[in-house]
Amino acid sequence: MKVITLKVNGHCFVKAVCPSMTLLEFLREELHLTGTKRGCDVGDCGCCTVLLDGKPILSCLLPVIEAEGCEVVTIEGISECRLHPVQEAMVEQGAIQCGFCTPAMVLNGVHLLGTHPRPTVDQVKECVSGTLCRCTGYTKIETAFLEAAKKMEHGDNP
Amino acid sequence: MSSYTVIGKPTPMVGSREKVTGKAKFTDDIRVANPLIVGLLRSPLASAKISRLDLSAALALEGVRAGVTGKDFDSTIGVLPISRDEPPLARDCVRYVGEPVAAIAAESSSLCRQALELIRVEYDPIEPCLDSRKALKETSHPIHPELKKPSNLHKSVTQQFGNLEKGFASAQAVVEGSFDFAPLTHAFTEPFATQVEIDTDSNLTVYSATQVPHYLHLALSGALQLPLHKIRVVKPYLGGGFGGKSDPLPHEIVAARLALISGRNVRLLLDREETFFTSHGRHPTQIGMRLGLHSKKGITALSGEMLIDGGAYASYGVVTSYYNGVLLQGPYPIPNLSFHCDRVYTNKLTCGAMRGHGGVNPRFASEVLLDMACEKLQLDPCETRLRLIHKAETLTVNQFRITSCGLKEGLATAMERSRWKEKVKKLPFGRGIGVACGFFISGSALPIHWNKIPQSTVRLTIDFDGAVTVYSGASDIGQGSDTVLAQMVAEVLGISLSHIKVISADTRLCPVDLGSYSSRVTFMAGNAARNAAIRMRKGLVAAACGILEIKPPRYRNPKPAESFFRQGGRKPDFDSAYLGPNPDYSDGFLFQDAKISALSGKAKGKQLDYFEVVKTAVEDHGTLQTQGIYLSPKLGGTFKGAGAGLSPSYSFTAFITEVTVNPQTGFIKVDKVTCAHDCGQPLNPMAVEGQIEGSIHMGLGQALMEGLDYVNGAVQNASFLEYKIPSAFEQPEIEMIYDLSRDNEGPFGAKEAGEGVLAPIIPSVANAIYDAVGIRLCSVPMTPDKVLAALNAKRGNHT
């Protein structure tokens, strides 16, 4: 066992963990933050995406001990009181069907618009293609990200 | 066209906010108290006798609480009562790589893994049968000796209508071809998961990622020999199904058994590779087909020979076998038609239902052949199809009722929007445009279990606060079924969606619905929900009349709009399900914006608050409760297999697709698709669009890249890295046309939108490739290597 310290959604955690535990397992099984999904365990599907120090990463591939001292944001940390514009746009545009990839898509979108406030269509596609979605064909997710960018440009900030 | 206030409006799906915030609980997100972790040991061989199976070392490990093998189960399972041939765990022999042979329940996942490694299994390998042609031949060791058949043939179906010989003789062009199709998996993102809670009296609550809670309920009861009332099946949020979660599956039975043996709650999550092994995907298929076309008479004859490779077990295979032929009956009349379909067992993954079930591959063959025939006769493929399409209110030769059909208008609009005439045969080499059409059932008219119970029952309650709770057994699998049910109830009662809560897919709380498969939910559960809402409205009208001190209305039975070819069934009454698109409730009231207004009589113009009326009604009766049902009318002929493909209504689809083919690399890019889909009244246009876009994604996956690769019976690409599905970059520009008809029996005139769209996009790509570079690809997926081989062959022919 190894003791680690990390911040998740603004809260500091000190926990003894098995060194082989992934960040995904830590979030789901230790903290019961089940919004981060387990789709393949090997970094193919992207459903386990979280933000690590602000950047999207695949939590199923990262041993939690590697996140020592880092700040993790999961889907549960995106909207406290109200929906983030990316979330709002995804609801309004019908970008959600089964919803299993949705938390990862939201985090992809939040990161994209944080770094590229006016993304091009190709940048949006690039961002979306990191996570598999089998329901939507991606069309409405892309529209939602572009709509969210417009909203945020007009001052609707999270 | 309509005066609806909720129906037909783009509506974000019920549950979207839960999903977008990560609060939605999928099966593995539920935390049952202190569960044992279940793991399965799987066969490394495609075919073998199990000569020894010893769990003693595994069970001796501290922290291991239970273990089971095939011997712990007395019966076999299978979704169709006529072909239950799959043991929950292999007994005596294994039939595919990945088949579960034993299961362990332990205190932790690491202990469970350790225990699985301690299981001693010895196999005597048997020569596997991996080839579907060889499977037809006699063998000394059939895969299912218990069937006492000389070969590995599982099911053989034949139907013939009209006179083929005369039909082909009267054609001006007869074309034929051989086609083959790779095996596919559904590739939904949520892996299979099941959790079981057990109480002190051994009552089970089974949470499972399933499209068919009712069938799972029945299967658990049968396999565990427990009465139904001791089992409650709950489907939590579900991460995609597409047919892959529409069978009761071995791991679900095994998890429940382990809960019973250990007396403990259990948790089971299959990994991605196991999920590939467990899904019953699209059958690998070989088709030989012949089609005769006459420029005036239309398709004069069609005959097809299909061979479908079912893998190790039956699943939906009997239905798939029929669907391969009967789903050729639309969207054009074919007076002389015959097909023969053989389904064989092989030592590969079991195949079953996948979006467009059974109709997808023959659709490719027939639409490519129709294109070839048009070319022979120098006919425009779109104009020809326009002339051929079924008229509304006709009967096909195998006695399918075509109630509504808006495809003609749809295809004509698609031609305009895509500028078909300016493009076909006129685009530069390497660019092409192609067309294909299809049709699909809106729910199977016959239930899988032969009984007279309504195919869907929906119950509504309204308590003193006026909020409506909808109880339905239908499974929302992401397609939006909870949303359409809520919309329909909101429409009838004139209240907003925020006042409606849907409780669905819980066998303890909800009345029976057969599940989410065969595109049945909108039509069948939808009609039941509307039926229940109309009955609720009657009660509220009575209360309103009491307040207004007027006589309650005398309901007149509407002329059933379906008077055309009803064949038996119950007589429709006012609140029957057969009100179709008719918005007239015959009660003299308007229910809108939570107000109930009298439109005629003494009280004309008076308006009551919906909540006040509810309060009065509740004071009189207590909680208000109604129930609505749907039972398909009696349909179809009396010949063998007449029930296959019968549906109360059919959807229709046309695709015009534009592609760019790179003759150097063979790479195909789909640039634009124009899709016309006749789903009757689009109840929720946002969801209809989502279904069309998703079907295009999945159809293009099959068209261009998807396929399971087998070596010696073992799937080589059971991961998302190696089983490629289209990414955002492959999704083409899409134009959609979908408001094309009103079905007289569909709820508010609606039909299906989730499956029919998929099939015709694949041949539309093939026909566009022909327009682009002059090659006919007959092997799906149409990968660059096949394009290059065909181009080389064509060049060879020219030199």
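### Overview of the sheet that holds strand β13 (residues 285-294) of chain B
All names here are of chain B.
Okay, step 1: Judged by pairing direction, the sheet is mixed, and its six strands sit side by side in the order β7-β15-β14-β13-β8-β31 without closing on themselves. One side of each edge strand has no neighbouring strand; the edge strands of this open sheet are β7 (153-161) and β31 (779-780).
Okay, step 2: As paired elements, β7 and strand β15 (residues 337-344) share eight bridges and run antiparallel to each other. What sits directly across from threonine 158, in β15, is histidine 340.

### Re the domain arrangement of chain B
One frequent convention defines the size of an interface as the accessible area lost when the parts assemble.
Residue and element names in this part refer to chain B.
Okay, step 1: You can read the domains of chain B as domain 1 (32-126 + 189-240 + 245-278), domain 2 (357-445 + 642-798) and domain 3 (453-504 + 517-630).
Okay, step 2: Here the C-alpha centre of domain 3 lies 42 Å away from the C-alpha centre of domain 1.
Okay, step 3: Contact with domain 1, which involves nine residues of that partner, is made by four residues of domain 3.
Okay, step 4: Summed over both sides, the interface between domain 1 and domain 3 buries roughly 590 Å², with carbon and sulfur atoms accounting for 53% of that surface.
Okay, step 5: Where domain 1 touches domain 3, the interface holds zero salt bridges.
Okay, step 6: Taken together, the connections running from domain 1 to domain 3 amount to three residue pairs in polar contact (both at pLDDT 80 or more).
Okay, step 7: Tallied by class, residues from the side of domain 1 that touches domain 3 come to four nonpolar, four polar and one charged.

### Side note on the packing of aromatic side chains
Residues and elements named next belong to chain B.
Okay, step 1: If you walk through the whole model with that rule in mind, you get 17 aromatic pairs over all chains.
Okay, step 2: On the numbers, 6.0 Å between centres and 45° between planes, the contact of phenylalanine 26 with tyrosine 237 is tilted. Placement of phenylalanine 26 in the loop between α1 (16-20) and β1 (36-42) and of tyrosine 237 in the loop between β11 (231-234) and α7 (250-262) is noted, with a sequence separation of 211 residues between them.
Okay, step 3: Residue phenylalanine 26 is classed as buried on the basis of its relative accessible area of 2%.

### Section: the pattern of salt bridges
Okay, step 1: In total, this model carries 45 salt bridges over all chains according to the counting rule given.
Okay, step 2: Between arginine 52 of chain B and aspartate 54 of chain B there is a salt bridge, and its shortest N-O distance comes to 3.3 Å.
Okay, step 3: Residue classification places aspartate 54 of chain B among the partly exposed residues on the basis of a relative accessible area of 22%.
Okay, step 4: Linking lysine 245 of chain B and glutamate 190 of chain B is a salt bridge whose minimum nitrogen-to-oxygen distance equals 3.1 Å. Placement of lysine 245 of chain B in the loop between β11 and α7 and of glutamate 190 of chain B in the loop between β8 (173-181) and β9 (193-198) is noted, with a sequence separation of 55 residues between them. An identical accessibility class is assigned to lysine 245 of chain B and glutamate 190 of chain B; each is buried.
Okay, step 5: Linked through salt bridges whose partners overlap, the residues forming this network are Arg28, Glu29 and Lys37 of chain A together with Asp28, Asp29, Arg31 and Arg267 of chain B.

### What about the packing of helix α10 (residues 360-376) of chain B against helix α11 (residues 381-388) of chain B?
If you want to describe how two helices pack, look at the angle between their axes and the distance between the axes.
Residues and elements named next belong to chain B.
Okay, step 1: Remark: α10 packs on α11, axes separated minimally by 10 Å, with the N-to-C direction vectors making an angle of 115°. Accordingly, the angle class assigned to the pair α10 and α11 is roughly perpendicular. The interaxial crossing formed by α10 with α11 has right-handed handedness. Judged by residue contacts, Glu367, Leu370, Asp371 and Cys374 of α10 engage Pro381, Thr384, Arg385 and Leu388 from α11.
Okay, step 2: Residues of the contact of α10 with α11, tallied by class, amount to four nonpolar, one polar and three charged.

### Regarding the interface of chain A and chain B
Okay, step 1: Listed as interface residues are 45 residues of chain A and, on the opposing side, 50 residues of chain B.
Okay, step 2: Ranking the residues of chain A by area buried against chain B places Gln97, Cys98 and Arg134 of chain A at the top, with a combined share of 22%.
Okay, step 3: The interface formed by chain A and chain B includes eight salt bridges.
Okay, step 4: Aspartate 29 of chain B is paired through a salt bridge with arginine 28 of chain A; the nearest N and O atoms lie 2.8 Å apart.
Okay, step 5: No other element matches helix α2 (residues 85-93) of chain A, which puts five residues into the side of chain A that touches chain B.
Okay, step 6: A breakdown of the residues in the side of chain A that touches chain B according to their chemical character gives 17 nonpolar, 15 polar and 13 charged.

### A few points about the nonpolar core
Okay, step 1: Residues Met90 of chain A together with Leu411, Ile769 and Met782 of chain B are the most contacted members of the largest nonpolar core, which totals 199 residues.
Okay, step 2: When residues in this core are grouped by element, the largest group, ten residues, is from helix α18 (residues 758-773) of chain B.
Okay, step 3: Excluding residues within four positions of it along the chain, leucine 411 of chain B makes contact with Cys382, Arg385, Leu386, Ile389, Val435, Cys437, Ala654, Ile656 and Ala676 of chain B.
Okay, step 4: Val458, Ile462, Val468 and Ala750 of chain B belong to the second-largest nonpolar core, a separate cluster that totals 55 residues.

### Let's talk about the domain arrangement of chain A
Residues and elements named next belong to chain A.
Okay, step 1: Under the domain assignment used here, chain A contains domain 1 (2-77) and domain 2 (85-153).
Okay, step 2: Contacts between the two partners involve 17 residues from domain 1 and, on the opposite side, twelve residues from domain 2.
Okay, step 3: The three residues of domain 1 that bury the most area against domain 2 are Cys47, Thr49 and Ile75, which together make up 40% of that side's buried surface.
Okay, step 4: Between domain 1 and domain 2 we count zero salt bridges in total.
Okay, step 5: Across the domain 1-domain 2 interface, the total number found is two residue pairs in polar contact (both at pLDDT 80 or more).
Okay, step 6: When contributions to the side of domain 1 that touches domain 2 are tallied by element, the ones reaching two or more residues are β3 (49-52) and β4 (55-58).
Okay, step 7: For the side of domain 1 that touches domain 2, the element with the most residues is β3, which contributes three residues.
Okay, step 8: Each residue belonging to the side of domain 1 that touches domain 2 can be placed in one class, and the counts come to seven nonpolar, six polar and four charged.

### Here we look at the sheet that holds strand β26 (residues 650-661) of chain B
Strands in a sheet are paired, the pairing made by backbone hydrogen bonds, and the direction either parallel or antiparallel.
Residue and element names in this part refer to chain B.
Okay, step 1: Strand order across the open sheet formed by four strands is β18-β26-β27-β30, with mixed pairing between neighbours. Where the open sheet ends on each side, the last strands, each with one partner, are β18 (431-441) and β30 (733-737). Sheet twist, expressed as the average angle between the axes of neighbouring strands with direction ignored, equals 15°.
Okay, step 2: As paired strands, strand β27 (residues 668-678) and β30 are joined by five bridges and run parallel to one another. From the neighbouring strand, valine 673 faces β30, where its bridge partner is isoleucine 734.

### Observations regarding helix α1 (residues 23-30) of chain A
Residues and elements named next belong to chain A.
Okay, step 1: Residues Leu23, Leu24, Phe26, Leu27 and Arg28 constitute the buried set of α1.
Okay, step 2: In this fold, the buried residues of α1 make contact with β1 (2-8), β2 (11-17), β3, β4 and β5 (71-73).
Okay, step 3: One or two steps after α1, the chain reaches histidine 32, where phi turns positive at roughly 55°.

What counts as what
- Residues numbered from 1 in each chain as written.
- Chains lettered and ligands numbered in written order.
- Predicted model: local features only at pLDDT ≥ 70, side-chain atom pairs only at ≥ 80, totals over all residues.
- Heavy atoms only, no water.
- Pairing = 2+ DSSP bridges.
- Helix = DSSP H or I, 4+ residues; strand = E, 2+ residues; numbered from the N terminus.
- Domains from an automatic or database assignment.
- Contact = heavy atoms within 4.5 Å.
- Buried area = accessible area lost by both parts, 1.4 Å probe.
- Salt bridge = Lys/Arg side-chain N within 4 Å of Asp/Glu carboxyl O.
- Polar contact = N/O pair within 3.5 Å; in protein donor to acceptor, adjacent residues only side chain to side chain.
- Nonpolar A, V, L, I, M, F, W, Y, C, P; charged D, E, K, R; others polar.
- Phe/Tyr/Trp six-rings, centres within 6.5 Å; stacked < 30°, edge-to-face > 60°.
- Buried < 20%, exposed > 50% of the residue type's maximum accessible area, 1.4 Å probe, protein only.
- Axes fitted to C-alpha atoms, helices over the stretch in contact; angles between N-to-C directions.
- Parallel < 35°, antiparallel > 145°, perpendicular 65-115°, else oblique.
- Left-handed = near helix turned anticlockwise from the far one by under 90°.
- Core = buried A, V, L, I, M, F, W, Y, C linked by side-chain atoms within 4.5 Å.

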